[in-house]
Amino acid sequence: MDYKYIEQLLSRYFDCATTPSEERMLRAFFSGSDVPESLVRYKALFDAQRSLAAEYPSNDFQQRVLFKAGIAEEVEAVPRRFSLLKVLRPFYNAVAAIAVVMLAVHVAQATFGTGDGVAAEQQMADMEQADTTNTPTLETLRAVGNGQTTATASDTLGQASPEQMSQPEAFTK
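Residues numbered from 1 in each chain as written. Predicted model: local features only at pLDDT ≥ 70, side-chain atom pairs only at ≥ 80, totals over all residues. Heavy atoms only, no water.

A. Examining the nonpolar core more closely. Counting residues in each nonpolar core, the largest one holds eleven residues, listed as Ile6, Leu9, Leu10, Tyr13, Leu26, Phe29, Phe30, Val35, Leu39, Tyr42 and Phe46. Among the elements of the structure, α1 (4–14), α2 (20–31) and α3 (40–53) are those that each provide at least two residues to this core. Counting residues per element, this core draws most heavily on α1, at four residues. Apart from residues no more than four positions distant in its own chain, leucine 9 is found in contact with Thr18, Glu22, Met25 and Leu26. (Core = buried A, V, L, I, M, F, W, Y, C linked by side-chain atoms within 4.5 Å. Buried < 20%, exposed > 50% of the residue type's maximum accessible area, 1.4 Å probe, protein only. Helix = DSSP H or I, 4+ residues; strand = E, 2+ residues; numbered from the N terminus. Contact = heavy atoms within 4.5 Å.)

B. Expanded view of the pattern of salt bridges. Summed over the entire model, instances satisfying the criterion amount to two salt bridges. Of the charged contacts in the structure, one is a salt bridge between glutamate 22 and arginine 12, with a shortest N-O distance of 2.8 Å. Remark: arginine 12 occurs in helix α1 and glutamate 22 occurs in helix α2; sequence separation between them is ten residues. With relative accessibility at 12%, the residue glutamate 22 sits in the buried group. Taking the relative accessible area as the measure of exposure, arginine 12 reaches 34% and is therefore partly exposed. (Salt bridge = Lys/Arg side-chain N within 4 Å of Asp/Glu carboxyl O.)

C. Spatial organisation of the packing of aromatic side chains. The final tally for this structure, using the stated rule, is six aromatic pairs. Here the aromatic rings of tyrosine 3 and phenylalanine 29 are separated by 5.8 Å at their centres, their planes lie at 55 degrees, and the arrangement is tilted. Note that tyrosine 3 is positioned in the segment before α1 and phenylalanine 29 in helix α2, a separation of 26 residues in sequence. Residue classification places phenylalanine 29 among the buried residues on the basis of a relative accessible area of 17%. Between tyrosine 13 and phenylalanine 46, the ring centres sit 5.3 Å apart and the planes meet at 45 degrees, which makes this aromatic pair tilted. Separated by 33 residues along the polypeptide, tyrosine 13 in helix α1 and phenylalanine 46 in helix α3 bring together distant segments of the chain. (Phe/Tyr/Trp six-rings, centres within 6.5 Å; stacked < 30°, edge-to-face > 60°.)

D. Fine view of the environment of glutamate 7. In this structure, glutamate 7 sits in helix α1. On the basis of relative accessible area, glutamate 7 is assigned to the partly exposed category, the value being 39%. Sequence-wise, glutamate 7 and leucine 26 are 19 residues apart; in three dimensions their C-alpha atoms are separated by 9.8 Å.

E. Just α2, in detail. Along its twelve residues, α2 runs 16 Å from first to last C-alpha, staying within 8% of the 16 Å computed at 1.5 Å per residue. Three or more residues of α2 are buried, namely Glu22, Leu26, Phe29 and Phe30. Taken down its axis, α2 places every buried residue within 90 degrees of arc, on the same side. Along α2, the residues that are exposed and aim more than 90 degrees away from the buried face are Pro20 and Arg24. (Expected span 1.5 Å × (residues − 1). Arc of directions from axis to C-beta.)

Below you can see the structure in the form of structure tokens.
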């Protein structure tokens, strides 16, 4: 097969004299698998162009370059997309920091007390008083140890046996 026309197009291509349709023909020819050995060296050039075409710059690239060079007017701003998560992220961090500080203060108060000495002393006095009112006297303990099962109103054990529950006069003595 004679590839003279392709060689002529290549010559014109390297002289920058081809039309866009002729360049598309060259790209289509070199993208195929039946390229002759005499033209294989050009296949890599067109393959590279095809792979670089996928890495296309943004639509406003040319306008930005011209503006930086001082040739074009002001570049039109491209609106950016913001997600709500990215906008609120600093607030999430602030809320987390406040929560950690509040937790630390609460743990410190629970561990070391409230700092109010009067309330702590009152609480200790209430605990001591509750402890002394529920403690049986020595006489009551001796009576129980000797086998006495009836309780009197002055006893501080606070519990009655089943026999005493059936006898209401034992509590009125």
